[in-house]
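Okay, here's what each chain looks like letter by letter:
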Amino acid sequence: METKYLIVDKNVDSHDAYAQAVDFLNKGEVVAFPTETVYGLGAVATDEVAVQKIFAAKERPSDNPLIVHIANKEQVRDYVQHIPEVAQKCMDAFWPGPLTLILREKPNFFAENVTAGLSTVGLRVPDHPVALRLLAAINKPLAAPSANRSGKPSPTKAQHVAEDMTNRISCILDGGATGVGLESTVLDVTVTPPVILRPGGVTKEMLEAVIGSVIQPTDKEQENPNTPKAPGMKYTHYAPEAPVLLIEPETENVQQAIAQLQAAGHRVALLASESFAESEANYFFTYGKDDNVDEMSSALYDALRACDKTDATIILATTTTRVGVGVAIMNRLEKAAGGQWYK
Ligand code: TXA
Ligand code: MG
């Protein structure tokens, strides 16, 4: 299948690109589009055959449900059995935005494979002009997981989508780099108190300011079989080809680690803030300015993907503190590293 690559730029008239994308979607094809978090791989959420094409293109396990993207919060009542008060408050406060709410779905509305057979559905209104214009133009909910092949870092640029999806899907809408850079926070509001199934740009503190107590299991607690989970969180994720080792961003330690790994024959790629630019690493990719978690979250996946273009044999990734957005960053870094720290 040939993939059509269409640029949707606010400076050019993109009417025709949206018309083509809508046409593909209505014919049961898959279209990648940008959101404020990462690029999504979209199909009409009521079309089981189209949704199956998403799973095939991603090589995604069929027990991992997809997030459904909708144009506005008013539509939610058409898709769910009941809107709990906390859910309404979250929608009012954070939509459009990087928050997915898990709610009890109306039976037999979405295609069975969207929800992987669960009786709940994840819904969100993305905060991106291209995603919103596409949703308005098609006027149907779109199931869309991140547009990477399973296991790879999520795409934050159309180029990343092209690397993973060329000739696997019908169309890519290129709307430039995404902003947040990490996938949405997934909040289960079918339980009391609500549980964060995946940390993201909307932090625990931001949620608690609006709805009161929220449970955020630690990465350790996630391993407990009784902890509620997003089915996807059990799979390997975000991993470049070379092994990743985590290390705290202390200059001397990092320099020593680089020297030791090189002495052992490794070519080292270092992921760190700008202040490490002069290190002796063989390759250096930056997260941006020191102590800026927003720049770090926005740059992380691009940096992880950049390592795959080098012949580095090991990746040293500096960490951040687990507060605010740092919780989500560390969650993704731990997964990319398979929990391995430099020792
Ligand atoms: O920012 C995002 O959320 C991006 C953009 C494209 O919107 N999408 C995204 O989708 O990250 P995906 O499919 O890569 O991740 C969805 C996560 C998975 O961990 C999945 O298991 C969980 O949400 N999830 C989806 N529906 C669920 C449900 N009904 N119950 C529990 N977890 C669910
Ligand atoms: Mg994903």
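Reading the values: the criteria
Residue positions are given per chain, counting from 1 as you read along its sequence in written order. Labels are handed out in written order, letters beginning with A for the chains and numbers beginning with 1 for the ligands. The model is predicted, so local features are restricted to residues of pLDDT at least 70 and side-chain atom pairs to those at 80 or more, both for listing and for counting; the totals for chains, interfaces and linings are taken over all residues. Heavy atoms from the whole structure form the basis of all side-chain values; hydrogens and water molecules are not counted. Pairing between strands is defined by DSSP: at least two bridges between them are needed. Secondary structure elements are taken from DSSP: a helix is a run of H or I of four residues or more, a strand is a run of E of two residues or more, and numbering for both begins at the N terminus. Convention adopted: a line fitted to C-alpha atoms gives each axis, helices being fitted over their contacting stretch, and angles between N-to-C directions are expressed from 0 to 180 degrees. Between two residues, a contact is recorded if the distance between any of their heavy atoms is within 4.5 Å. For salt bridges, the criterion is a side-chain nitrogen of Lys or Arg within 4 Å of an Asp or Glu carboxyl oxygen. Three exposure classes are used, based on accessible area relative to the maximum for each residue type with a 1.4 Å probe and protein chains only: buried under 20%, partly exposed in between, and exposed over 50%. Here a cavity is any set of points on a 1 Å grid over the protein atoms alone where a 1.4 Å probe fits but cannot get out, and a pocket is any open set with protein on both sides within 12 Å along at least 5 of 7 lines; a residue lines the site when it has an atom within 4 Å of a point. Grid points are joined across faces, edges and corners, and a volume is the space filled by probe spheres set on the points. Three categories are distinguished: nonpolar for Ala, Val, Leu, Ile, Met, Phe, Trp, Tyr, Cys and Pro, charged for Asp, Glu, Lys and Arg, and polar for the others, with Gly belonging to the last. Polar contacts, as counted here, are pairs of nitrogen or oxygen atoms within 3.5 Å of one another; within protein the pair requires one atom able to donate a hydrogen and one able to accept it, and residues that are adjacent in sequence qualify only if both atoms are side-chain atoms. To estimate the expected span of a helix, subtract one from its residue number and multiply by 1.5 Å.

Undergrad: Where do I start with the sheet that holds strand E13 (residues 283-288) in this structure?
TA: Strands pair in a sheet through their backbones, by hydrogen bonds, and they do so in one of two ways: parallel or antiparallel. Read across the sheet, four strands follow the order E11-E14-E12-E13 without closing on themselves; strand pairing throughout is parallel. A strand with exactly one partner marks an edge of an open sheet, and here the two such strands are strand E11 (244-247) and E13. Adjacent strand axes in the sheet meet at a mean angle of 20° when their direction is disregarded. The pairing of strand E12 (residues 268-273) with E13 spans five bridges and is parallel. Each bridged residue has a counterpart across the sheet, and for Leu271 the counterpart in E13 is Phe285. Each of E11, E12 and strand E14 (314-318) touches helix H9 (residues 251-263); the most contacted strand, E14, lies at about 175° to it. Most of the contacts of helix H10 (residues 293-307) go to E13, to which it runs at about 160°, and overall it touches E12, E13 and E14.

Undergrad: What should I look at first to understand the environment of Glu223 in this one?
TA: Residue placement: Glu223 occurs in the loop between helix H8 (219-222) and E11. Separated by 117 residues in the primary sequence, Glu223 and Gln340 have C-alpha atoms spaced 16 Å apart.

Undergrad: What is the right way to look at the pattern of salt bridges in this model?
TA: Oppositely charged side chains are able to pair whenever their charged atoms sit close together. Tallied over the full model, the rule gives 17 salt bridges. The residue Glu36 makes a salt bridge to Arg124 at a minimum N-O spacing of 2.9 Å. With Glu36 in the loop between strand E2 (31-33) and strand E3 (40-44) and Arg124 in strand E6 (residues 120-124), the pair connects residues that are 88 residues apart, well separated along the chain. Arg124 shares its class with Glu36; the two are buried.

Undergrad: It is not clear to me how the sheet that holds strand E10 (residues 195-198) should be interpreted in this structure. Could you clarify?
TA: One open sheet accounts for 10 strands, arranged E1-E8-E2-E3-E7-E4-E6-E5-E9-E10; its pairing is mixed. Either end of the sheet is taken by a strand with one partner, and the two such strands are strand E1 (4-7) and E10. In this structure, E2 lies alongside strand E8 (residues 171-174), joined through two bridges in parallel fashion. Bridge pairing in E8 links Val31 to Cys171.

Undergrad: Explain helix H6 (residues 158-165) here, please?
TA: The periodicity of an α-helix, 3.6 residues per turn, causes residues three or four places apart in sequence to face the same way. Burial of H6 is extensive: six of the eight residues sit out of reach of the surface. Here H6 has its buried residues at Ala158, His160, Val161, Ala162, Asp164 and Met165. As for H6, its buried residues are in contact with E1, E2, E3, helix H2 (48-58), E8 and H10. With its phi angle positive at about 70°, Asn167 sits one or two positions after the end of H6.

Undergrad: Quick question: what am I supposed to make of empty space enclosed by the protein here?
TA: The method is simple in principle: a probe with the dimensions of a water molecule rolls over the atoms, and the space it marks as empty is what remains. Inspection of the entire model under this criterion finds one cavity of 30 Å³ or more. Here the largest cavity is characterised by a volume of approximately 40 Å³. What lines the largest cavity is simply Thr185, Pro199, Gly200, Val202, Thr203, Lys204, Glu205, Gln216, Gly324 and Val327. Per-class residue counts for the lining of the largest cavity are three nonpolar, five polar and two charged.

Undergrad: It is not clear to me how the side chain of Ser297 should be interpreted in this structure. Could you clarify?
TA: Examined against the element boundaries, Ser297 turns out to sit in helix H10. At a separation of 3.2 Å, a polar atom in the side chain of Ser297 contacts the main-chain carbonyl oxygen of Asp294. Contact partners of Ser297, with chain neighbours within four places excluded, come to Val180, Gly181, Leu182, Val325 and Ile329.

Undergrad: Sorry, what's going on with helix H1 (residues 15-26) here?
TA: Helix length check: H1, at 12 residues, gives a terminal C-alpha distance of 17 Å against a target of 16 Å (1.5 Å per residue), a fit within 8%. Elements in contact with the buried residues of H1: E1, E2, E3, helix H5 (129-138), strand E7 (142-143) and E8. Note on H1: the residue one or two positions beyond its end, Gly28, has a positive phi of about 85°.

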